[in-house]
Amino acid sequence: MKIFQLQDLNNFDVKEIFKSNAVVIPTETVYGLAARIDNEEALKSIYKIKGRPSDNPLIVHVSSISMLENLIDQEIPLEYRILMEKFWPGPLTLLFKAKASVSKTVTGNSDFVAVRMPRNPLLRELISRLDCPLAAPSANTSGKPSPTQLSHVIHDLGEKVPFYIDDGSCEVGLESTIFGIINRECILLRPGGITKEQIEEAIGKEILVKNKVSKEEKTFCPGQKYKHYSPSIPVYLFKGNDWSSNMIKAMESLKDIRVGLLRRSNIAYQIEFHKIFELGATLPEVSRNLFSGLRSLETDCDAIFVLEVEQTEEGLAIMDRLEKASSFIVQ
Ligand code: TXA
Ligand code: MG
């Protein structure tokens, strides 16, 4: 494998490294495994490398509005215009009616294409040099926590990918928010880097949150059906007023098991843990550190304890990931 630094963009041949394969890219949310949307073989390899179900479509990353316009078969609604003006470039993905020319490998055979404009200026420069949008899911093995540092990606994908582009730790740490207007309804399909409150304030109306579906339910966001963000050891998510005594009881029942704590640093815990990973105190800090914490405790613990956070602002996305990652919810 070969590793390039994003800041050295002028010193490597971008077109060459994207010519015939998928490449790992840094974004402000999480690392992505990216392919040109006009290279069918490279697109297909993304599913193979990640072990991703073939009906789970890919988010398309653009560097300009004209690049977006080439992908979509609709007028851009006023709400989207407002959101793009306010939050692009940034961690907000919007669902559009796709042109027939957009690869079905990208759309997962649906009529929609999910598009975002990433925040890193050099990544946008890279996309603009390619003169082609990049489709990229998170660069983890399917089902595992998303990678927020290059070392996470190398751990999961190793030599399966020939080229990696590094840009340090991801600033947001959770994936982009996915928002769509479907049958005139404003729907938040995945909470993420831009909060529900920010969207509602910008467009001046309430939006529906539909981030959970059962296996049988029809969904506009196929990724919701699958198991996600799960380390290889059980995660215990504690909720409600009795969390402290419940933690003590759970710890007693797990004798001889090395329990790691994902710790919100402004909270006092009354138990000794095998290892503690500091998430920070504020919700943006917890977002930034969450996936790193899950991965770090996985290496030398047998179970992970974590306490719920308030479901406001970034807390909605944090709890979405924690609920999907957890094996046990204790309350
Ligand atoms: O922050 C992010 O969005 C990161 C970085 C790399 O940009 N990407 C990311 O991709 O999180 P991924 O594949 O891990 O999650 C994409 C989600 C999936 O749940 C998928 O079902 C949904 O977006 N999605 C993608 N295209 C869609 C489409 N055309 N219609 C409905 N849902 C779509
Ligand atoms: Mg993912």
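Up top is the structure.
Just so it is clear, the model here is predicted, and its values are computed rather than measured.

1. Some remarks on the sheet that holds strand β6 (residues 112-116)
Stage number 1. The sheet built from 11 strands is open, its strands ordered β1-β8-β2-β3-β7-β4-β6-β5-β9-β10-β11 with mixed pairing. Strand pairing shows two members of the sheet lacking a second neighbour, β1 (2-5) and β11 (208-209), which therefore form its edges.
Stage number 2. With three bridges connecting them, strand β4 (residues 59-61) and β6 associate as parallel partners. Residue Ile 59 lies in a different strand from β6, and its bridge partner there is Ala 114.
Stage number 3. Strands in contact with helix α4 (residues 78-87) are β5 (92-97) and β9 (177-182); relative to β5, the strand with the most contacts, it is inclined by about 150 degrees.

2. A word on helix α10 (residues 283-300)
Stage number 1. Over its 18 residues, α10 extends 26 Å from the first C-alpha to the last, a length consistent with the 26 Å expected when each residue adds 1.5 Å.
Stage number 2. Along its length, α10 reaches its greatest deviation from straightness, about 45 degrees, at Asn 289.
Stage number 3. Those residues of α10 that fall on the buried side of the exposure criterion are Leu 283, Val 286, Ser 287, Leu 290, Phe 291, Ser 292, Gly 293, Leu 294, Arg 295, Ser 296 and Leu 297.
Stage number 4. Here the buried face of α10 lies against α7 (150-157), β12 (235-238), β13 (259-264), β14 (275-280), β15 (303-307) and α11 (315-325).

3. Quick word on the sheet that holds strand β16 (residues 328-330)
Stage number 1. Here five strands make up an open sheet; going across it, the order is β14-β13-β15-β12-β16 and the pairing parallel. One side of each edge strand has no neighbouring strand; the edge strands of this open sheet are β14 and β16. Geometrically, the sheet is characterised by an average inter-axis angle of 20 degrees between neighbouring strands, direction not taken into account.
Stage number 2. One ladder, built from four bridges, connects β12 with β15; its direction is parallel. Bridging across to β15, Val 235 finds its partner in Ile 304.
Stage number 3. Across the sheet, helix α9 (residues 243-253) touches β12, β13, β15 and β16, and the angle it forms with β15 is around 170 degrees.

4. Observations regarding the packing of aromatic side chains
Stage number 1. For the structure shown, the criterion picks out nine aromatic pairs.
Stage number 2. Ring centres of Tyr 80 and Phe 179 lie 6.2 Å apart, and the angle between their planes is 65 degrees; this geometry places the pair in the edge-to-face category. Linking Tyr 80 in helix α4 with Phe 179 in strand β9, this pair joins segments that are 99 residues apart in sequence.
Stage number 3. Since its relative accessible area comes to 1%, Tyr 80 is described here as buried.
Stage number 4. Taking relative accessible area as the criterion, Phe 179 reaches 0% and is therefore assigned buried.
Stage number 5. Their ring planes at 75 degrees and their centres at 6.1 Å tell us that Phe 273 and Phe 305 sit as a pair that is edge-to-face. Of this pair, Phe 273 sits in the loop between β13 and β14 while Phe 305 sits in strand β15, placing them 32 residues apart in sequence. In terms of burial, Phe 273 and Phe 305 fall into one category: buried.
Stage number 6. One aromatic cluster is present, formed by Tyr 236, Phe 238, Phe 273, Phe 305 and Phe 328 through successive ring pairs.

5. As for empty space enclosed by the protein
Stage number 1. The final tally for this structure, using the stated rule, is one cavity of 30 Å³ or more.
Stage number 2. Put simply, the largest cavity is a space of about 60 Å³.
Stage number 3. Leu 262, Arg 263, Arg 264, Ile 267, Tyr 269, Leu 279, Val 286, Val 306, Leu 307, Glu 308, Val 309 and Leu 322 together form the lining of the largest cavity.
Stage number 4. Of all the elements in the fold, those that place two or more residues in the lining of the largest cavity are β13 and β15.
Stage number 5. Looking at which element gives the most residues to the lining of the largest cavity, the answer is β13, with three residues.

Scoring rules and cut-offs
- Residues numbered from 1 in each chain as written.
- Chains lettered and ligands numbered in written order.
- Predicted model: local features only at pLDDT ≥ 70, side-chain atom pairs only at ≥ 80, totals over all residues.
- Heavy atoms only, no water.
- Pairing = 2+ DSSP bridges.
- Helix = DSSP H or I, 4+ residues; strand = E, 2+ residues; numbered from the N terminus.
- Contact = heavy atoms within 4.5 Å.
- Axes fitted to C-alpha atoms, helices over the stretch in contact; angles between N-to-C directions.
- Expected span 1.5 Å × (residues − 1).
- Bend = angle between axes of the 7 residues up to and from the residue.
- Buried < 20%, exposed > 50% of the residue type's maximum accessible area, 1.4 Å probe, protein only.
- Phe/Tyr/Trp six-rings, centres within 6.5 Å; stacked < 30°, edge-to-face > 60°.
- 1 Å grid on protein atoms, 1.4 Å probe; cavity = no way out; pocket = protein on both sides within 12 Å on 5 of 7 lines; lining within 4 Å.
- Points joined across faces, edges and corners; volume = space filled by probe spheres on them.

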